[in-house]
Structure formats: C-alpha cells, structure tokens
Amino acid sequence: MTRTLLVSLLASIASRSVAYGQSVSGLAPKTFLNIPLGKVKPAGWLHDQACGNLTVQTNGLAGHEHDFYNYVSQTTWTGGSSTYSDLEEAGSYWFNGMVPHGVLADDANIQAQVQQFLDYVVDHQDSTGWLGPEVNTTKPRYLWGRYPFFFGAIQMVEANPSLAGKVVPALHKFVSLANTMLHNGDGLEDWTRSRWEDFVITLQWLYDFHPDGQEDILIDTMKLLRSTGDRWEDVFSEQYFPTGPVDNLQNPVSPLSWHGVNVAEGLKALPAAYRFSHNQSDLDAASQGWDRLFQYHGRPSGIFAADEYLAGLEAVRGTELCLVVETMFSGSFLYQVTGDPKYADRIERITYNALPATLTGDMWSHQYLQQQNQIAAKNMNPNPFPTDGSYSNVFGLEPNYPCCTVNHPQGWPKFISNAFVTTPDQESLVHVYLGPFSVNTTLTNDNKVSVTVDTLYPFGDTLTTTIKADKPFTYQVRIPSWVSKGTIAINGGAAKAVSPSNGLQAVFVESGTTQVTLNLPADITIESRPHGSIAVHRGPLHYAYDIARSQKVLAQNAQQPLAVDLEFDANAPWQYAIDPSTLVFHGGQPAGGNLPSPIFDSGRPPFTITATACPIDWAVAGDTFAAAPPTNPACTGPATNITLWPYGATKLRIGEFPTFKVS
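What this report covers is the structure whose coordinates are included nearby. Computed from a predicted structure; not experimentally measured.

**Re the packing of helix α8 (residues 147–159) against helix α11 (residues 196–209)**
Moving on, step 1. Two numbers describe how α8 lies on α11: the axes approach to 9 Å, and their chain directions differ by 25°. Regarding the angle of α8 to α11, the classification is roughly parallel. Viewed along their axes, α8 and α11 form a crossing whose handedness is left-handed. Side by side, α8 and α11 meet where Tyr147, Phe150, Phe151, Ile154, Val157 and Glu158 of the first sit next to Trp196, Asp198, Phe199, Ile201, Thr202 and Trp205 of the second.
Moving on, step 2. A per-class count over the contact of α8 with α11 returns nine nonpolar, one polar and two charged.

Rendered as structure tokens:
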C-alpha cells in the first residue's frame, strides 16, 4: 500500500466516524516525520554553497547581517529600535533562517547570536504571556510577527533538546494568551488572517512532542485560527482562483489572499488543517490548489509569478525572493503530510533554479523580483511591475523592501534539513531531495544509522550512497519523475532498472555497510510557454541563455562595503529564436572532480545544452525589459550555435524562446 493510499484510508475512516456521529480527536498522522535539525547535514558542493564554514552563504550577506544591518543588529526583538513594520517581522524572520544556518554550518558565532536572541525574547515574556517587541510598550499586538520566531525556537529545541525547559513553557504560556485573544477577536489584521497556518504548525509541534496536558486548548486554538483566518479552500477553488494576472481584479475571498508570499505560505494551510479536521477534502483542495497555481502562474524555473500579487504566465513578470523560500518550506510540509511525490519534485526544481538565480554568486546581493526573461537588472523605466517599485529587480541589499533581506537565508538550510525524513514508525529512512548529504540518526529499536551521499547532483547523474547500520532496515530514496532509464546497483552488483512505488525506491539494508549506486539520467524536455515560445529542461535543471553583462555599482553600504546594489546591463545580443530539434546536452566533468565555488554563477556549471539559433527582431520597452517572445519570427541573419546554461547560474537571461526551423 502506498503512503498516499494510507493517508487516504485514514482520512476516509475519520470522515465516516464524523458521519456516524463519532467524535474524532487528536491529530491525524503525517505520512513522514521530519528529522531533528542537525541530524542531516550538507556535504560536498552543497556544504560549500549553502552553509559551511568559510563558504558562500556564511561569507555572504546572510552571515553578516547581525554585524551591520540595523533591522537585525538593532532589532526591536532584542531591545533595539529598528523595525520596518508594525508587524514586527524583521527580527523574527532573520532568527527563523539563521537558526538552521548556524547549526548546519557548525558556526559558533551564528549559534551565539541566535541563542542571545532566544534568551532575550523568552526572558522578557510578560506576565500575560506575550512574546516580542511589544512587551512594555503601547504598540499594537498582532499575532503574525511571532510565527517565524516560533519556527526558529522549535528548531533550536530540535538541535538542543536541553532548551525545551526554557522554550516549551514560554510557548504554552503564549498559547493560553493567544487563545483568549482569538476568542475575543484580538491580535488579528489581514496578514495574521492570511498566515494562520504557521501558528497551527507550531501548535501541532507542541501537541506531538510537548503537549504537557494542554491538548484541548491546543486543538481549540488551531480551530480558532482557521475560523478567523482566510479560507484557503475558497482561495484555491476553481470558482475563485484567478487564471491570469490579478492587476485589475477584486479579490472575492480576502484582501491579501492573492499576495504572492501569502499564497506561498497558504499552500501549507490545508494540510495543516487536515491534521485536526481529519477531512480528506482538505488534502484534495490543497492538491488541486497547488496544480491550479502552477498551471496559471507557474514558471519553468519551478516557482510561480507574483510581483506582489499573482501575475500570470508572461515571462517579463516578476517572482519575489520571499515567495521562493516560503514555497520551498510549504512544499516540504505538504510532502511530509501527504507523501505525494509531485511536491518533492517541484521543490527540488525551485531550489536548484529559482533560488540561486535571484542572488549573485557570492550571495551578497539579491533581487526582490526575478524574471524568466531578464535582459537588465536596473532601476526600470518603464516599470513592468504594476505594484512593485522600479528598483525591484536590482541585485542589492534591500531592493524595493527589506523583507527578503532578512527572510531569504532560510531557503538552503531548510531544504537541507528536510532532505531526509522517516516513516511514522521510524523503521525506515527516506531520502527525499537529491544531492550530497550526510545523516546520523537513530531509528526504532535503537538502530543507529549513518548515511553519506556522494554526488555532484544536479550537476551529475550518479549518486553513491554509503549506509552504515547497527541493524537491518528499509532505506528509501526518491526517484524523480523526470528520470529516464534509471538504474540501481547494490554493493557493486549488476545495475538493475529502478522500480519506484509512489516515487520511492526501496532498498533492504543489512546490518553493517551497504553501498547503493544510482544512475539517474534524464532526457531533454520542452515546455510550451505563451506566444508559442518554449522552455528547455533536463532533469531538475531549467536551461537559459546567459546574457553577457556589464556591471555598475549603484550604492554601497557605509558599514559593510561588500553590501552593494548592482545594475546589470546586457552587452551582447540576446534576441534569438532556437530550433528545438537541434538541442544537444553536454555533460562535462569538472576539473579534479570538484565543482567550482560558487557554482551558481556565469560559466561555472559543468552541464550545458547547445542549440541552433538565429537572430530575430524582438522588441524592448525602453532598455529595461523584453516584450513578449514574438510568435513565428523571421530570422534576420544566418543561423548560429548558442549555449544554454542552468538557469540558477544566470543573472541576465532568456529562459523562454521563440522558435524557428533550420532549413
């Protein structure tokens, strides 16, 4: 029986119990359980890219915000005076991302920073139970800004269980207050109403691991949050979901439920609700909403378009960085609740494409908005974004708005920590997101297990996994939907075709050491896009034409000279149509077997695709953005060969191409 069928069966039983008047209590089980923070760590190139000592994210903006960036170094959360909103989210956003970063990087400095943050907040909890910058002030008390703090605090307890004695009582005290507030209609505004699911997940963590006899109030608070919050089942329904840009539409559900980051967070609302509703309809609505979102607003990079609000399919419209990292987290939660492999496939695509594409290679500068077809990154005139400012696609410290500056560091660390899960009985270990990792955990019956995954994936097709176990168990590994003619070999034996069930290949592992070798090749695939254009994929990677660029420094932070705002301009032609029948994949091996660092920058990845192309007339608006790809364009010059690179390594690009046929 597949995991999805198991969830459906449990939900069906629960629904029948409700129908016959029987009470269903407690929380429905998740299909998979996350592994506590610190048990799964990055290895190889991913350790370097994401969060190792002396590596890219640690050495970039994320690792230095506490040193100079006022919204962190002087945050109101720790007694300072710097904030950008009465929602009080800046400090808690930073805390949520840097807790896992510090643990996975084994960075003592960052760990000390987040410990100081936690201690200050909990030590200043007031007698009512309130936590946060509003203590001893007359500031309004909105619930939302606490939710990222809760996520960070939970992760700290996972990594260091001795902190439970400090954190858990503080959370329960706050829950008691919040329950009273919600019964009275207090603490709510539009952002809190939209993002209720984040608090529900915190409550479910308490219920699962530290209920302390408070099960009834925890469930009651979950139900209150849902009943006072946005109805995501309506937002994602066929009746109300927008099938194009919402620029001139009135939202029939709630004011902010078409806001891109709210949608990204709202993706986990219905699976969170399912756990206390026990209604299969919640999981069905979540699945259908996911599909509608990417059908009508999806990008070849894996993510969806929302330049503040849902923006449709046009390649010039934007996607916010906060939206990227929040979708990654929501997708991981959806997979753990449901076991549906479509969520894991998409999150892997987003992580290896959309996330790195919107940061410079050194991760010091980021965009507020990225574009599929991006021919300039500058102060845009005219501006293609109806709601966001003209500075939104500049690579900088805080282009357009500061939220992504403090929120983006959660992306890589949470992807890593969710890369492995266990079955609910903890008898099986499951490798979800492919890449280089190491795992040390204990399964049921005190079965100590270590796993090392050696691979260049997604810049290589082979994964060699070494498993050491005290006792036999079943190891499972996800086989992505794009794999073609994949094989598996055990302990050097003959390679056999993979045969996944519900996306997972099961391997029975004996005690001692077992080596599993996976070869997961993929074909080049073509995705149809608006105006007869196409996008190019192979495996998890989307490929784009990397436009040669010039660079100009627009601004430099006075305290930290590496924090700069950068303008990129095209300094080579980009107006090409391609013949899709001429696409050829080139899978080179890096010198010495190691990927360069940083890998997500121009000319760095070892994988490319070549295509026969011809120059065409392709209009621009001012000098800032490309018009829609022309349909059936005529060549204006002779055919030539161009090289497409992994999308995440490009900063100016064409990712959606007009087509022609070589005569």
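**Quick word on empty space enclosed by the protein**
Moving on, step 1. With the rule as written, the count across this model stands at four cavities of 30 Å³ or more.
Moving on, step 2. Estimates place the volume of the largest cavity at around 70 Å³.
Moving on, step 3. Lining of the largest cavity is provided by 14 residues; of these, Tyr457, Asp461, Arg538, Gly539 and Pro540 occupy positions nearest its centre.
Moving on, step 4. In terms of residue class, the lining of the largest cavity is built from 10 nonpolar, two polar and two charged.
Moving on, step 5. Looking at the second largest cavity, its volume works out to about 40 Å³.
Moving on, step 6. Taken together, Tyr93, Asn96, Trp144, Pro148, Phe151, Asp198, Glu265, Glu326, Phe329, Asn407, Gln410 and Lys414 make up the full set of residues lining the second largest cavity.
Moving on, step 7. Broken down by secondary-structure element, the contributors of at least two residues to the lining of the second largest cavity are α6 (90–105), α8 and α17 (321–338).

**As for the sheet that holds strand β22 (residues 564–570)**
Note: strands within a sheet are paired through backbone hydrogen bonds, in either parallel or antiparallel orientation.
Moving on, step 1. Spatial strand order, β7-β22-β21: three strands in an open sheet with antiparallel pairing. The strands lining the two open edges of the sheet, one partner per strand, are β7 (376–377) and β21 (549–556).
Moving on, step 2. The pairing of β7 with β22 spans two bridges and is antiparallel. Residue Ala377 lies in a different strand from β22, and its bridge partner there is Phe568.

**Section: the environment of Ala311**
Moving on, step 1. Looking at where Ala311 falls in the secondary structure, it is placed in the loop between β4 (309–310) and β5 (318–320).
Moving on, step 2. You can call Ala311 buried: its relative accessible area is 1%.
Moving on, step 3. Expressed as a C-alpha distance, the spacing of Ala311 and Gly244, which sit 67 residues apart in the sequence, is 6.5 Å.

**So, unusual backbone geometry**
Moving on, step 1. Here the bond from Asn381 into Pro382 is cis, since omega is 5°, no more than 30 degrees from zero.
Moving on, step 2. Mapped onto the secondary structure, Pro382 falls in the loop between β7 and α20 (403–407).
Moving on, step 3. Going from Tyr457 to Pro458, the amide bond is cis rather than trans, its omega being 10°.
Moving on, step 4. Of note, Pro458 is situated in the loop between β11 (447–455) and β12 (462–469).
Moving on, step 5. The backbone of Asp446 sits at a positive phi, close to 55°, despite the residue not being glycine.
Moving on, step 6. With respect to the secondary-structure elements, Asp446 resides in the loop between β10 (437–443) and β11.
Moving on, step 7. The backbone of His531 shows a phi angle near 65°, a positive value even though the residue is not glycine.
Moving on, step 8. Assignment of secondary structure puts His531 in the loop between β18 (524–528) and β19 (534–538).

**Re the pairing of β19**
Moving on, step 1. Along β19, five of the five residues are buried, which leaves the element largely enclosed by surrounding structure.
Moving on, step 2. Neither face of β19 is exposed, since Ile534, Val536 and Arg538 on one face and Ala535 and His537 on the opposite face are all buried.
Moving on, step 3. Direction of pairing for β18 relative to β19: antiparallel, over a ladder of five bridges. What sits directly across from Glu527, in β19, is Ala535.
Moving on, step 4. Counting the residues in the hairpin turn of β18 and β19 gives five residues, including His531, whose phi is positive at 65°.

The rules behind the values
- Residues numbered from 1 in each chain as written.
- Predicted model: local features only at pLDDT ≥ 70, side-chain atom pairs only at ≥ 80, totals over all residues.
- Heavy atoms only, no water.
- Axes fitted to C-alpha atoms, helices over the stretch in contact; angles between N-to-C directions.
- Helix = DSSP H or I, 4+ residues; strand = E, 2+ residues; numbered from the N terminus.
- Parallel < 35°, antiparallel > 145°, perpendicular 65-115°, else oblique.
- Left-handed = near helix turned anticlockwise from the far one by under 90°.
- Contact = heavy atoms within 4.5 Å.
- Nonpolar A, V, L, I, M, F, W, Y, C, P; charged D, E, K, R; others polar.
- 1 Å grid on protein atoms, 1.4 Å probe; cavity = no way out; pocket = protein on both sides within 12 Å on 5 of 7 lines; lining within 4 Å.
- Points joined across faces, edges and corners; volume = space filled by probe spheres on them.
- Pairing = 2+ DSSP bridges.
- Buried < 20%, exposed > 50% of the residue type's maximum accessible area, 1.4 Å probe, protein only.

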